[in-house]
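What follows is each chain in one-letter form.
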Amino acid sequence: MQVPFLDLKAQHAALEGELTEAFRAVVRGAAFVGGPEVEAFEREFAAFCHADGAVGVSSGTDALRFAYLAMGIKPGDEVITVPNSFIATTEALTQAGASVRFVDVRPDTLLMDPNQLAAAITPRTVGIVPVHLYGTPADMDPILEIARVHGLWVIEDAAQAQGAVYKGRRAGTMGAMAAFSFYPGKNLGACGEAGAVTSSDAERLAFVRKLREHGQAQKYFHDIEGYNGRLDALQAAFLRIKLRRLEQWNQARRSIAAHYRETLSAASDVRIVAETAGSSSVYHLFVVRVPERDRVREFLQSRGIATGLHYPLPVHQQVAYRHLHLAAGAFPVTEGAAAEILSLPMYPELRADQVDYVSATLIEFFGGRPSRSAPRVTKQLNPA
Ligand SMILES: *Cc1c(COP(=O)(O)O)cnc(C)c1O
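These figures come from a predicted structure and were not determined experimentally.

S.K.: Honestly, the pattern of salt bridges in this entry has me stumped. Any pointers?
M.R.: Pairing between side chains of opposite charge can happen when their charged atoms approach one another. What the rule picks out here adds up to 23 salt bridges. Among the ionic pairs, glutamate 18 bridges to arginine 244, the shortest N-O distance being 3.4 Å. Taken as a pair, glutamate 18 in helix 1 (residues 8-29) and arginine 244 in helix 8 (residues 233-263) lie far apart in primary sequence, 226 residues in all. On the accessibility criterion, glutamate 18 (29% relative accessible area) is partly exposed. You can call arginine 244 exposed: its relative accessible area is 55%. Each of the salt bridges in this network shares a partner with another, and the network as a whole consists of Glu18, Arg244 and Arg245.

S.K.: Can you walk me through the environment of valine 27 in this structure?
M.R.: If you trace the backbone, valine 27 turns up in helix 1. Each C-alpha atom of the pair valine 27 and alanine 233 lies 9.6 Å from the other, and the pair is 206 residues apart in sequence.

S.K.: What exactly am I supposed to notice about the site of the ligand here?
M.R.: As a structural note, the neighbourhood of the ligand is formed by 14 residues, with Gly60, Thr61, Gln160, Ser181 and Lys186 the closest of them. One of the side-chain N or O atoms of threonine 61 is found 2.5 Å from an oxygen atom in the ligand. Contact distances for the ligand include 2.9 Å between a nitrogen atom and a side-chain N or O atom of aspartate 157. Notes on the ligand: free accessible area 380 Å², of which the protein chains cover 93%. Broken down by element, the residue count for the shell around the ligand peaks at three residues, all from helix 3 (residues 60-70). Each residue belonging to the shell around the ligand can be placed in one class, and the counts come to six nonpolar, six polar and two charged.

S.K.: Even after reading the chapter, I still don't get the packing of helix 1 against helix 8, so can you show me in this structure?
M.R.: Two numbers describe how helix 1 lies on helix 8: the axes approach to 9 Å, and their chain directions differ by 145 degrees. Classified by chirality, the crossing of helix 8 by helix 1 is right-handed. Contacts from Gln11, His12, Leu15, Glu18, Leu19, Ala22, Phe23 and Val26 of helix 1 reach helix 8 at Ala233, Leu234, Ala237, Phe238, Ile241, Lys242, Arg244, Arg245 and Trp249. For the contact of helix 1 with helix 8, the per-class residue count stands at eleven nonpolar, two polar and four charged.

S.K.: Help me out: how do you make sense of the domain arrangement of the protein in this one?
M.R.: Many descriptions give the size of an interface as the accessible area lost when the pieces come together. The assigned domain composition of the protein is domain 1 (8-243) and domain 2 (246-365). Between the C-alpha centres of domain 1 and domain 2 there is a distance of 24 Å. If you look at the interface, domain 1 gives 44 residues, while domain 2 gives 37 residues. Buried area between domain 1 and domain 2, both sides added, is near 3,200 Å², and the carbon and sulfur share of it is 60%. Broken down residue by residue, the surface that domain 1 buries against domain 2 is led by Phe102, Tyr134 and Asn187, which jointly contribute 22%. Between domain 1 and domain 2 we count one salt bridge in total. Here glutamate 247 makes a salt bridge to arginine 170, at a shortest N to O gap of 3.1 Å. The tally of links from domain 1 across to domain 2 stands at 22 residue pairs in polar contact (both at pLDDT 80 or more).

About the thresholds
- Residues numbered from 1 in each chain as written.
- Predicted model: local features only at pLDDT ≥ 70, side-chain atom pairs only at ≥ 80, totals over all residues.
- Heavy atoms only, no water.
- Salt bridge = Lys/Arg side-chain N within 4 Å of Asp/Glu carboxyl O.
- Helix = DSSP H or I, 4+ residues; strand = E, 2+ residues; numbered from the N terminus.
- Buried < 20%, exposed > 50% of the residue type's maximum accessible area, 1.4 Å probe, protein only.
- Near = heavy atom within 4 Å.
- Polar contact = N/O pair within 3.5 Å; in protein donor to acceptor, adjacent residues only side chain to side chain.
- Areas by Shrake-Rupley, 256 points an atom, 1.4 Å probe, with all protein chains shown as cover.
- Nonpolar A, V, L, I, M, F, W, Y, C, P; charged D, E, K, R; others polar.
- Axes fitted to C-alpha atoms, helices over the stretch in contact; angles between N-to-C directions.
- Left-handed = near helix turned anticlockwise from the far one by under 90°.
- Contact = heavy atoms within 4.5 Å.
- Domains from an automatic or database assignment.
- Buried area = accessible area lost by both parts, 1.4 Å probe.

Okay, here's the thing in structure tokens:
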């Protein structure tokens with residue numbers, strides 16, 4: 001059996017008629033950058049997030065960049081985030097002139113550890129950026145409380161978490177602003193690059209609108225230097241079609257996650273990364289921790305199962321951040337996890353028999369310890 005890591009072709013096959021029709025309509029209308037499709041998508045996405053407003057931009061990275069700039073980041077400011085993320089979280093921070101300070105993640109969820117924040121705050125700290133990695137919200141209540149006590153802002157990196165819920169609140173509504181990515185493989189993915197910023201602060205959203213459009217609020221009158229960071233109409237039209245299915249797709253991801261948990265429940269060598277208490281993940285990724293990770297990965301590959309690593313090298317250990325002189329051991333939870341994590345196939349169209357097969361194959365690798373609903377594997381295997 002072949003199990004791809006992600007199957008965008010399956011998603012698009014079901015939507016081909018609608019996507020093609022949207023393409024035709026945009027080409028005929030000839031409004032390619034901004035315009036009614038973008039405005040409609042912004043309204044619909046804000047409603048989906050239960051946010052007061054959304055601004056479409058050209059990528060998740062620009063969404064982060066514009067949110068940071070809208071909070072007034074300037075050279076010398078310090079911002080706290082986690083090393084267990086994709087580099088985009090920090091890239092835009094340092095490019096805006098701020099210095100990044102990392103705190104480690106919790107061992108169970110691999111998301112920001114609120115208990116480490118107090119020690120990382122200095123007189124120059126201005127903000128905190130929790131990352132809702134894997135589609136799971138970070139533990140926001142203690143993070144927001146520490147931010148409040150110290151007068152700091154919070155921006156959510158919600159790139160992987162469209163629709164995730166934390167104690168009744170949706171990702172994108174808890175911080176002062178939030179950044180979303182619609183990179184094709186995300187839960188809501190464009191057919192190209194796209195992103196959005198959400199906020200309940202109309203002035204900050206207006207500033208983001210200005211930033212994405214060369215610093216102009218009125219054509220050819222530039223209040224500041226901005227960027228070319230707009231969302232194009234074709235992507236907005238495609239995103240509108242997919243947004244209508246997002247709740248149902250997220251629900252399918254949750255069911256698949258539950259099925260993985262059940263079929264892996266007796267596999268003691270396979271530890272599933274936990275959801276934050278009180279949250280409902282949208283499972284952008286389903287991540288487990290296993291010993292001998294690289295051999296497990298090769299074994300699965302040899303059985304037709306594709307997996308991913310999110311991420312193989314923590315941000316603070318990247319060559320790009322060598323100048324920060326963060327020695328190995330600086331963030332032990334993140335570093336320990338990087339050697340063990342494995343992202344299993346996860347997408348809404350994944351079938352139950354495929355999940356059974358992935359779980360059974362994992363159990364087979366670890367010597368046939370059976371689980372309740374996976375087929376019992378009796379043969380003792382030596383995968384080497
Ligand atoms: C995808 C992603 C981004 C960047 O989004 P792009 O649209 O690729 O620019 C930022 N942060 C996280 C956690 C991501 O997964």
